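Chain by chain, the residues:
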Amino acid sequence: MWRTRAAAACVICRSLANSNYGIKRKSPLQNLHVVSRSIHHPYHPSLKFQRRPLRISLQQFSSLNRLPLRKTKLLNVKYGYQSYRNFWLARLASRLLKIRYLILGSAVGGGYTAKKTYDQWKDMMPDLDEYKWIIPDFIWELDEHIDLEKLIKALPDADDLAKLLPDFEKIGESFTSLKGIFSPGTPGETAFRATDQGYDSDKQYKKGLLGELILLQQQIQQHEEEARRAAGQYNPGSYQQKRKVSDKEKIDQLQEELLRTQLKYQRMLERLEKENKELRKLVLQRDDKGIHQRKLKKSLIDMYSEVLDILSDYDASYNTQDHLPRVVVVGDQSAGKTSVLEMIAQARIFPRGSGEMMTRSPVKVTLSEGPHHVALFKDSSREFDLTKEEDLAALRNEIEIRMRNSVKEGCTVSTETISLSVKGPGLQRMVLVDLPGVISTVTSGMAPDTKETIFSISKAYMQNPNAIILCIQDGSVDAERSIVTDLVSQMDPQGKRTIFVLTKVDLAEKNVASPSRIQQIIEGKLFPMKALGYFAVVTGKGNSSESIESIKEYEEEFFQNSKLLKTCMLKAHQVTTKNLSLAVSDCFWKMVRESVEQQADAFKATRFNLETEWKNNYPRLRELDRNELFEKAKNEILDEVISLTQVTPKHWEEILQKTLWERVSTHVIENIYLPAAQTMNSGTFNTTVDIKLKQWTDKQLPNKAVEVAWETLQEEFSRFMTEQKGKEHDDIFDKLKQAVKEESIKRHKWNERAEDSLRVIQHNALEDRSISDKQQWDAAIHFMEETLQSRLKDTESVIEDMVGPDWKKRWLYWIGRTKEQNIRNETKNELEKLIKCNEEHAAYLANDEVTTVRKNLEARGITVDPCLIKDTWHQIYRRYFLKTALNHCNLCRRGFYYYQRHFVDSELECNDIVLFWRIQRMLAITANTLRQQLTNTEVRRLEKNVKEVLEDFAEDNEKKVKLLTGKRVQLAEDLKKVREIQEKLEAFIEALHQEK
């Protein structure tokens, strides 16, 4: 029976050798796999090759066919050999290659009939090239690395396998290399792998590997027994019955077996990767605690992220654009961009909403490996523990707050980038930028330019020729509704840096009537765009409370049972976010290595140009950037504020007294002096003056005095701030000083109790009527004369404007009078005649007097309104009164003697001189009080306000940019940033070469 089966197998093997399965071999016999040759032709000469050490090359799969796949090697493992033969490893290979179907066919068939049946069955089989991707490449290369003949002779049965296994303790000594093969890490982690030797988890790994080997052995034995039973029950009836099995069922069975085998090995790899992840986490924790007593350098991805952060604030004014690679995540709104990013980061870190726009500004996420799963912002030292739900909620809330703060008033989205770093064990190192979702319609509540702003932001990031575009497409909606695919195809028409991701495949499989449509999308035949790779992922069931682990389990379960994968519409390496993460990371680092040196050279050239421009334009000045200039200006401003304390008391009092009198003189003349001067005797005059002064002091005077003091302080402060200091003056600080002055004055408030104390002092000063000496009397007369002369001068000017120029100006300057001026001039002449007739006339005209003047003018043909007569009279009488008062001042110069005698037996009355002395004394006392308040309190408070304003401005970069402007500032700022970028790029390149 076994000879018959072997003969049949030989016929089948020769048939396979003659047929074309897409595999090129040298000889017909060599077309068979080495395991088949070991079964059917154990004595064939080609099998007598020398034993080689076991060396398996495991390739990592990637759908990015343009990327070179990185290979890692397992350790050389030496196995012991036994004197008796055992075929368990050959059976393992036969299970992988599905040779048991050939054995079963050879057992059922026989002779020419078996040959004919096999030919018919072979014609119905599809081309196996389409399914070759399911089995890993190292299976096809077993014959190159394994001496199967000697292994078959050496390996024992399953019962004695545990006793005869190789020495796993020796394997454990080099377990670091074995972990490196299954590790999802990237270059740069070799330093961590070297620290894993002698770890305690070797035994756990040995136990898991032993269990897998025993399980595979038992499964192969079961399949062998089934094949024997089928051969023992062989008869013509059963043969005819099996021939009735449809060809479609055979193909389905073969596909299911292939898929189960692929999933089994995928699960094995995942378990090993999980074990390796735990080991790496413990190793990183050791390094973090300083067990190895060595200081870890800044990680490579963190160095690269710092360069990108600086470039985000750099204004490319010298044609040096940011062309450094990063992964740009774009997609339609609610397409699942954020969910894909969260799956790659392995944490639910972004705020969520039901259908509303949540991503309002670009978010740069730097992923790196670390012992703990944490996140932190670049401008904050707080770490968020991503394993705790309360920290996750706080992180999502912080991101949402930063987004809303970055959006300006009247806008919906912002161009300001939020920088976030996420570290954790097993994370792929890369830099991703999550952009706001592309929308087709602006809804209520959005700014009118929201759609165009999102398009411009997306284009700005995708225009970078080295940016990797991660195009996210919602699989649950019609492909025709996609907007982002057209935008991506415009930015990358050849698809050389685009990775297409189809999300919500679980919903798409349920809702799409034709599953082949999904296959067309993944094959790049449906959308008018090209891509470097295509992936299908599932990011959960739509529940915002789902954890990352539950989403991973759901995704794995879905693809295991999905018809899309069973019917080969999707390939295994094109599904799951894990494969997507590996592919994106490989593409990212490939792009970084290809472009970073070119970018460093570009910034080096820019630095040379900027330094040359500075030397030509500002040869004697230091290269002070905006922060350094602000510190210099800050010191100057503080020095100028301190100068206020050095102002002499005399200077303060002179300014205060002069300014206060200018502010209150009109009220004193019009409302106090003139009404009191109309009285008939001195007693009434003094009574009227006392009442008017009391009312004025209670209501207006203290307030006016404080206003004058505050304005005087402002003027002196402004004078010191704007005063040029010769050659040392730098006009680049003028805008900053003006802003500091205005803000400080705005914040300064005068002491509220100052008015109350000042009111009492002014009351007491005005109640005093005793002039002690002749000097004070003469000073009062001088003060009164100056005031009256000033008022007389103003009155003369008003009259001249009313009546026009006199005859001299008309002749000299050829200026004439207007018709109204002629009327007023005639009216003035009539009113002057009235005053000459009665020099003691009252201040107001009676109605009959107004009528008399009007009729006199009408008699001369001049029509005059009564109101015009009264207005003209007011100015004429005012001039007459001021001249009379000035004459009275001259008479009172010798009146101090009469004043001391209280004007007894004298016709001279000098009460107006006493009034002006009281006003003058009140002004002096008020000025002295305000000066003390200024020097003792208000100047210090102003200095404190200035310091607070400067501190606030120092923290506000926008203020500094707005206030410190000019070509010199911008040139120094660009030069500083270009130097910093170049230095960090060179450090990054050096670290990158060391990692290689």
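Residues numbered from 1 in each chain as written. Predicted model: local features only at pLDDT ≥ 70, side-chain atom pairs only at ≥ 80, totals over all residues. Heavy atoms only, no water.

Going by an unreviewed UniProt entry, the chain carries the name Dynamin-like GTPase OPA1, mitochondrial and comes from Chrysolophus pictus. Taken from UniProt, the Catalytic activity (unreviewed entry) comment for the chain reads in full: "GTP + H2O = GDP + phosphate + H(+)". (UniProt positions renumbered as here; feature names shortened; annotations may be inferred.)

Undergrad: An account of the overall build of the chain is requested, with residue identities and associated values reported.
TA: Per the secondary structure count, the chain includes 40 helices and 11 strands. Looking at the chain residue by residue over its 996 residues, the buried ones come to 47%. Of the contacts formed within the chain by residues at least 6 apart in sequence, a portion of 81% connects residues at least 24 apart. (Helix = DSSP H or I, 4+ residues; strand = E, 2+ residues; numbered from the N terminus. Buried < 20%, exposed > 50% of the residue type's maximum accessible area, 1.4 Å probe, protein only. Contact = heavy atoms within 4.5 Å.)

Undergrad: I'd like a rundown of a negative patch on the surface, residues and numbers included.
TA: Taken together, Glu597, Asp601, Glu980, Glu983 and Glu986 make up a surface patch of like negative charges. Only α25 (577-617) and α40 (967-995) provide two or more residues apiece to the negative patch. Examining the composition of the negative patch, we find that three residues originate from one element, α40, more than from any other. Within the fold, Glu983 resides in helix α40. (Patch = residues over 30% accessible without salt bridge, like charges linked within 9 Å, V, L, I, M, F, W, Y side chains within 5 Å. Areas by Shrake-Rupley, 256 points an atom, 1.4 Å probe, with all protein chains shown as cover. Salt bridge = Lys/Arg side-chain N within 4 Å of Asp/Glu carboxyl O. Lys, Arg positive; Asp, Glu negative; His and termini not counted. Charge placed at Lys NZ, Arg CZ, Asp CG, Glu CD.)

Undergrad: So what about the sheet that holds strand β9 (residues 468-474)? Which residues, and what values?
TA: One open sheet accounts for nine strands, arranged β6-β5-β7-β4-β8-β3-β9-β10-β11; its pairing is mixed. Where the open sheet ends on each side, the last strands, each with one partner, are β6 (384-385) and β11 (533-536). Looking at chain direction, strand β3 (residues 327-331) and β9 are connected through five bridges and run parallel. The residue bridging Val329 from the neighbouring strand is Leu470, located in β9. (Pairing = 2+ DSSP bridges.)

Undergrad: How would you explain the state of the cysteines if you had to name every residue and give the values?
TA: Counting across every chain of the model gives one disulfide. Through a disulfide, Cys892 is tied to Cys910; the S-S separation comes to 2.1 Å. On the S-S bond that ties Cys892 to Cys910, the torsion sits near -100°, and the link is left-handed. One end of the pair, Cys892, is in helix α36 (residues 866-892); the other, Cys910, is in the loop between α37 (896-900) and α38 (911-955), with 18 residues separating them in the sequence. Neither Cys892 nor Cys910 differs from the other in exposure class; each is buried. (Disulfide = S-S within 2.5 Å.)

Undergrad: Residue-level account of the confidence of the model for the chain, with values.
TA: On average, the chain scores 75 in pLDDT, and the residues at 70 or more come to 67%. When the elements of the chain are averaged for pLDDT, helix α12 (residues 190-193) gives the smallest value, 32, and β3 the largest, 92. Note on residues 173-210: pLDDT is under 50 here. Beyond four places in sequence and across chains, it has 79 contacts. (pLDDT = per-residue confidence, 0-100.)

Undergrad: Can you tell me about the packing of helix α29 (residues 701-722) against α38, naming the residues and giving the values?
TA: Where α29 meets α38, the axes come as close as 9 Å, and the angle between the chain directions of the two elements is 50°. It follows from the interaxial angle that α29 and α38 lie oblique. The two elements α29 and α38 cross, and the hand of that crossing is right-handed. Contact with α29, carried on its side by Leu701, Ala705, Ala709, Leu713 and Phe717, involves Met922, Thr926, Leu930, Leu934, Glu938, Val939, Leu942 and Val946 of α38 and no other residues of that element. (Axes fitted to C-alpha atoms, helices over the stretch in contact; angles between N-to-C directions. Parallel < 35°, antiparallel > 145°, perpendicular 65-115°, else oblique. Left-handed = near helix turned anticlockwise from the far one by under 90°.)

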